[in-house]
Every structure is written in structure tokens, then in C-alpha cells.
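# Secondary and tertiary structure notes
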Amino acid sequence: MTAVVGTLERSRLWSHPELGLHAVLDATGSVRLGAPGQDPAALVPLVEVIATGHGRLWSGERFIETAIGERLTYRDHETVREAGRERTTIRLADPETGLAAEVVLETAPGAGFLRSRVRLVNEGDAPLRLESVSTLTVGGITDAGGGLDGLTLHWADNDWLAECRWRQAPFRDHVVQLSRFAHGHEGRGCFERFSQGSWSTGRHLPIGALTDRAGRTWLWQIESSAGWRFETGEREGAAYVALFGPDDAHHQWQHTLAPGEDFHTVPAVLVGGATGGLDAAFGELTDYRRLIRRDHPDHRALPVIYNDYMNTLMGDPTTEKLLPLVDAAARAGAEIFVIDAGWYDDDAQGWWDAVGAWEPARGRFPGGIQEVLDAIRHLGMVPGLWLEPEVVGVRSPLAHTLPPEAFFRRGGLRVTEHGRHHLDLRHPAARAHLDAVVDRLVGEWGVGYLKLDYNINIGPGTESGPESPGAGLLGHHRAHLDWMSGLLDRHPGLVLESCGSGGLRMDYAQLAVAQLQSTSDQQDPLRYPPIAASAATAVAPEQAAVWAYPQPDHTTDRIAFTLTGALLGRVHLSGFLDRMNEEQFDLVRSAIRVYKDIRPQIADARPFWPLGLPDWEDAWIAHGLRGRDATYLAVWRREGADAPSSRTLPLPHLRGLALRPEVLQPTTADATAEWDATEGTLTVCLPRTDTAVLLRLGTVV
């Protein structure tokens, strides 16, 4: 380990050449982070804090230009290099309140990412009520020409069944140009996106970007399941970006910091580069995601998962229905078999508002659920179960046997949403209950995979004593992550899937711990392609679980279509495979064989999008992975007025190479592909609509 300590003598405290950023100390003692060569006034204070009694210097919708942020002055800084990482801690203090801030900027030599966290300490003699704290602020961003007219803003809308819908617009469409010289002030507004309630991605992804005409990109990600917000706007002729966890205005979050106490923000990261646009930036973000997550063998093995739910048993499993599916899944090549929702359902009034004990339903499994679990193991697969651990149904006995303090409460009342109460995992009784459940399922039953679902939005959070709801939600969120980590500590081989009614809790607070992420509950195979193609913007490919649910009443093209869309991520196979004829079943078996051949490449490949990130109604969609030995492309052609039978895809990273396109899956779509090495383009022909193809582009030996 090496450490370098900085002093007040240098005006440039820190720099990140790959991102083109530096932290500078101005004449007032303020530290600001931004692009070099800009007017220092365009930069933003390193930390922005809104506290009750200490608001903003310029009132509006923006959470920058805060009174405390402007007062925070430099103390010292230190850079530590250890195990391939570089961490710079910059320490600041507010002379008026006694608030101290430690900003930790983390990167790696030559890497295109900057991760930030902030620790606040109250060194004063009076409590301080926090209402908003930034994790990362960056200013001085301009187009290659020096202005803002060439900047493009990118963000992603997210909804149930319609995840990862990327949007783009000129920066000036959302941040209008004002007569700064005439008014003497900046505008009061900004472009913002934020979460609402406990579905962290129920509205938008916690990701956004700015790009310029030269291909330079600034791409950011906030890592929180308990409230986040980002904003971008104009400051002194340049753009700024500010990233936050929960705040008072959007999440009912306040945190009272007593003298001597500290508070840690949620992490956030900025990635990018001078060239390559969004594809290059998402490649950097993918590498970063792999760096910060908990190590697990699942990330390298990428086993094929069969799940009985989607378009199949739909929460109605029984021994009689499951055993034929178990046999068919094993013959198709599945390596994990998950019994999804309903395995505990023994209630005449339905299970939705009665869950919580997680005991097997005797009526569904006359010989016991162990009979099915043993059958799964006997055929060489790992058994898995669905679980929704954070909820207890209002009719569950646990709603009365667990102490009231173990549940979310607001205004002294227990919170109820869609027939469920919500456990607060900071309470020892709640955690002990769930630990006992999982240790029984895994330790006694031999379950090796848990699909952890989350199907309610519980609102702003919980109040325990004087805390605000948002602070309670953040506390529970951190306890939930600690609980998941504890499961993996006790059961190292266990695989955890994060599912939030599909992709409604798709953030890297969860995914730094869980091994997989459900990308959607979308049941229409023709609607899934834009989700499957864009999933790698939100999730590393080897963590992105995509449903493939072929059915015996599907045409050959439809079976191939739904299978192909999952092959560049994690295959979540479903469907009544046991009812298929031999020709149909061979299509499934063939696709799984292809996946097993290419999956060693997926684990460290970088994603890209030759046609750009897809719109919801696009007829042609393309998503690729740049692997170690080859490039892989999934291409879909759907119904649409602009759906000619062929489409040319630009692949500039392969220009000049002698390549041989190979159709991997399926052989039934009559797809062809022609490579033009001079232009660096691939022309793909799919003669029929609603078909798809997986291609491999390798060098000719």
C-alpha cells in the first residue's frame, strides 16, 4: 500500500486523465470537480448539502448552489494505492456548522470510471438536520465546440413489462438557453430523474448520460434501492451533473446528525471517454460493474435456468404438473430448475395475502415437496425456489406473532399495501425469521437457488421513532443487503436472483450482492426484444436473466424467436417443453447447446448496439457482445412499416478484418449475412418478419 498526502499548496488536488476531470482548489478554499480548461465559476462545489436552516443560495428546482456547499473549505487530501485501486479522500469542513465532509474518489490506473462516496461528520455542538446530500458533482461539461448546443441527453424510462426504454434529446430541449448577461443569474430549473418509493427502477433507471458530437461521453449510475435522484443543467455556460441518494423533496428523507455522528451517502459512478460514444461508455460501465460486485462462481459458470412460471404454470405448481417439466427441462439441457410462486399455497382464499411462513403446501405435493426436489437433483439439476422475503400477508399468522416493531410503520400505524405488510430487516425478529426460513430451505432441503421477488411498492418508507420515512427505507435497504450477504456467507454456493416484479428493482446496490437480475415480466415474445437488447445497459450481460418461453402451439419461427433473444444474457427457460413434438424440442435443445458453447465468452464481453439503443416499436433491433475471440450479434426483425427484409449494421471496431459470419441460431429462419471488410458493415437478411438470428463473427484462419 502506498499513500500520498496533499496540502493546501497545490491548486490542482487530483486528476483523472481518462475522464478528463480534475479537482481544483479555488481562492476561497472551495474544492470543485470538473473538466479542465473551463471557467472555474462553471464548476460545482465537490459536495452539496441542504440542511434545515441552511438551504440554497439561489432558490429553485436545483439541488446545487447550497449554502453549506459553498462554505465547505479544504482541509487536506490523501491518495492511497492498494490492490490495483486508487482512492483519494478529500476532506472539507464548514466553519459555521462544524460539519465535516470526506469525499472518497475511487478509480483504477488506466480505468475509465470514477466512483464516489461521501461521509459527513457533525463536529459541531448542535444537531444538524440533513435534507439532501450529493454523492458526486461534476461541472464544466461542454460540447467539443465549447458550447452546449451539441450536447445530447440520454435517460431510460422503466416500467412493469416495459423496462430499459432509452430516450435521447438535445440538451437544449430540456435546458433552455437564457439571457444570463441580462439577468445576472442562472436559471432555476434543471433536467432531473428520480425514483419513487421502494421500487428503485419503477419509473426510470438510475442511469443517465451526456454525449457530444465528437463521441465524448459522460455516463453515470447511482447505486441505491432506497431513493436516488440525478440532475443536469447549465452553470456559467457549461453543463453540470449532480448525483444524489434519497432527499426530502422526493423521498421524504431527512437525517438528523447529532454531534459526533456520521452519515454515509449511497455510492455513484461516472464513466466515459473521449471517443466511442455510448457503446464505449457502457463497455466501461460493464467492466466497473464486474469489479464492484461480490465474487461468485455463478458469474463464470452461467448455468441454464428453467423456471416453471412464465407462460407455463403461472404460480400453480403441483407434483403432477412439475415432474414432466423437470424431466423435459433436464433433457433440454437446463442445469437449474426453479419452482416459482405458489409452492406454499395451501389456503382456500388464495396465497397473495397469506404468505410469510414459507412452508410447502401439502395439497400440492401429496408426497412432500422433497419428492420434486429429489427428482430435480436426480436428473443432475440444482433445485431452486421462489421467495418474497420482505413481505408478510395480512392474513398470515406471522402478521400477529412477530412484534409490531418488525414491520414498516408510518404515523404509528402498520403500513399495508396490496394485502401485504413489509418487514423491517433492521429488527432482529424479522431477520431471525428470514434466516430460519432460508437456512431450512437451503440447509435442510438442499435448495441451491432462490428467486427473491418484490411485488409491492411500499411507498416512502418507515418511521422508527423520530426518523423520517425515507431514512427508515434507507436503513432497511442497507439491512436487506447485509442480510443477503449473510446468506451467501453461510451458503457460499447459493445463487440469488433479484426480481422486483420483473425489473423494478434493477440497481447495482442489489446487483453488487445478488448474482442475477430479472429483466422483465413481459409475457409477449414480440414485445421482449427491445428489453432484451437494452438489458445490458442496466445489468452486466451475465447477470441479465431473459425469459425464453417456447410453447408447443408456437410456429417454428416463434419458438426460435423467443429462444434467440436470451442467448446473449442468462437463459431463463420456461414453457411446456414436455408437450412439444420432437422437431420443436430439437429447436430448444439446439439453442441451449449454442448457449453453452458461447457462454464462456459472455462473462467478460462488452455490449454494443450497432443500430443504437432500440425504441419500443423498432422493427429491426440489434445487440452485440465483443468477446475475447469473436463478436456475437443478436438481430431481430419485427412487424413494421420500416421492416425491409435486410438491414446493414455498422461494425466499425471490425473494419478491415477478414471475417466469416456464421449463423449460430436458428437454422430455420433462412437468415443470411454478408460482411464488407472495407466499409466495416454487416448486411443481415431475415426474409420473414418476427424472426431473429444469432450470429458469430470470427476471423478467417
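That block above? That's the structure.
Calculation criteria
Residues numbered from 1 in each chain as written. Predicted model: local features only at pLDDT ≥ 70, side-chain atom pairs only at ≥ 80, totals over all residues. Heavy atoms only, no water. Helix = DSSP H or I, 4+ residues; strand = E, 2+ residues; numbered from the N terminus. Rg over C-alpha atoms; globule rule 2.2 N^0.38 Å. Buried < 20%, exposed > 50% of the residue type's maximum accessible area, 1.4 Å probe, protein only. Pairing = 2+ DSSP bridges. Salt bridge = Lys/Arg side-chain N within 4 Å of Asp/Glu carboxyl O. Core = buried A, V, L, I, M, F, W, Y, C linked by side-chain atoms within 4.5 Å. Contact = heavy atoms within 4.5 Å. Polar contact = N/O pair within 3.5 Å; in protein donor to acceptor, adjacent residues only side chain to side chain. Arc of directions from axis to C-beta. Axes fitted to C-alpha atoms, helices over the stretch in contact; angles between N-to-C directions.

Right, let's get into the overall build of the chain. Looking only at helices and strands, one finds 15 helices and 41 strands in the chain. Relative to the 2.2 N^0.38 estimate, which gives 27 Å for 701 residues, the radius of gyration of the chain is 26 Å and therefore close to what a compact globule would have. Projected onto its principal axes, the C-alpha coordinates of the chain cover approximately 75 × 70 × 50 Å. Each of the 701 residues in the chain was classed as buried or not, and the buried ones make up 63%.

Burial of strand 23 (residues 336-339) is two-sided: the residues Ile336 and Val338 facing one way and the residues Phe337 and Ile339 facing the other way are all buried. With three bridges joining them, strand 22 (residues 305-307) and strand 23 adopt parallel strand pairing. When the bridges of strand 23 are listed, asparagine 307 appears paired with valine 338. Note that strand 23 and strand 24 (residues 382-387) share four bridges and pair parallel.

In this section: the pattern of salt bridges. Pairs may arise between side chains of opposite charge once their charged atoms sit close together. Summed over the entire model, instances satisfying the criterion amount to 54 salt bridges. Across the pair arginine 364 and aspartate 316 runs a salt bridge, and its minimum N-O distance is 2.7 Å. Highlighted residues: arginine 364 in the loop between strand 23 and helix 9 (369-378) and aspartate 316 in the loop between helix 7 (309-313) and helix 8 (319-332), separated in sequence by 48 residues. Since its relative accessible area comes to 11%, arginine 364 is described here as buried. Linking aspartate 345 and arginine 364 is a salt bridge whose minimum nitrogen-to-oxygen distance equals 3.1 Å. With a gap of 19 residues between them, aspartate 345 in the loop between strand 23 and helix 9 and arginine 364 in the loop between strand 23 and helix 9 connect regions that are remote in the sequence. Across this residue pair, the class does not change: aspartate 345 and arginine 364 are buried. A single network of salt bridges, built from pairs that share partners, joins Glu284, Asp287, Arg290, Arg293, Glu542 and Arg606.

Judged by nonpolar contacts, the single largest core of 164 residues is most densely connected at Phe337, Trp343, Leu450 and Leu573. Each residue touching leucine 573, except ones within four places of it in the same chain, is listed here: Ile305, Tyr306, Asn307, Ala332, Ala548, Pro550, Leu563, Val588 and Ile592. Listed in part, the 28 residues of the second largest apolar core include Ile207, Ala281, Ile292 and Ala544.

This paragraph deals with the side chain of arginine 570. Mapped onto the elements, arginine 570 comes out in strand 33 (residues 570-573). Reaching out from arginine 570, the side chain makes a polar contact with the backbone oxygen of proline 303 at a distance of 3.2 Å. Setting aside chain neighbours within four positions, we find arginine 570 in contact with Asp298, Leu302, Pro303, Ile305, Leu516, Pro541, Glu542, Gln543, Ala544, Ala545, Val546 and Tyr595.

For helix 9, the complete set of buried residues consists of Ile369, Val372, Leu373 and Ile376. Mapping the buried residues of helix 9 onto a view down its axis gives an arc of 100°, with all of them on the same face. Buried residues in helix 9 make contact with helix 8, strand 23 and strand 24.

The sheet built from five strands is open, its strands ordered 34-35-36-41-38 with antiparallel pairing. For this open sheet the edge positions go to strand 34 (606-608) and strand 38 (659-665), each flanked by a neighbour on one side alone. On average, each strand axis in the sheet is tilted by 25° relative to the strand beside it, whichever way the strands run. Relative to strand 41 (residues 691-699), strand 36 (residues 631-637) runs antiparallel, the two sharing seven bridges. Opposite tryptophan 636, over in strand 41, you have alanine 692 as the bridge partner. Taken strand by strand, helix 14 (residues 556-564) contacts strand 36, strand 38 and strand 41, and its axis lies near 55° from that of strand 41.

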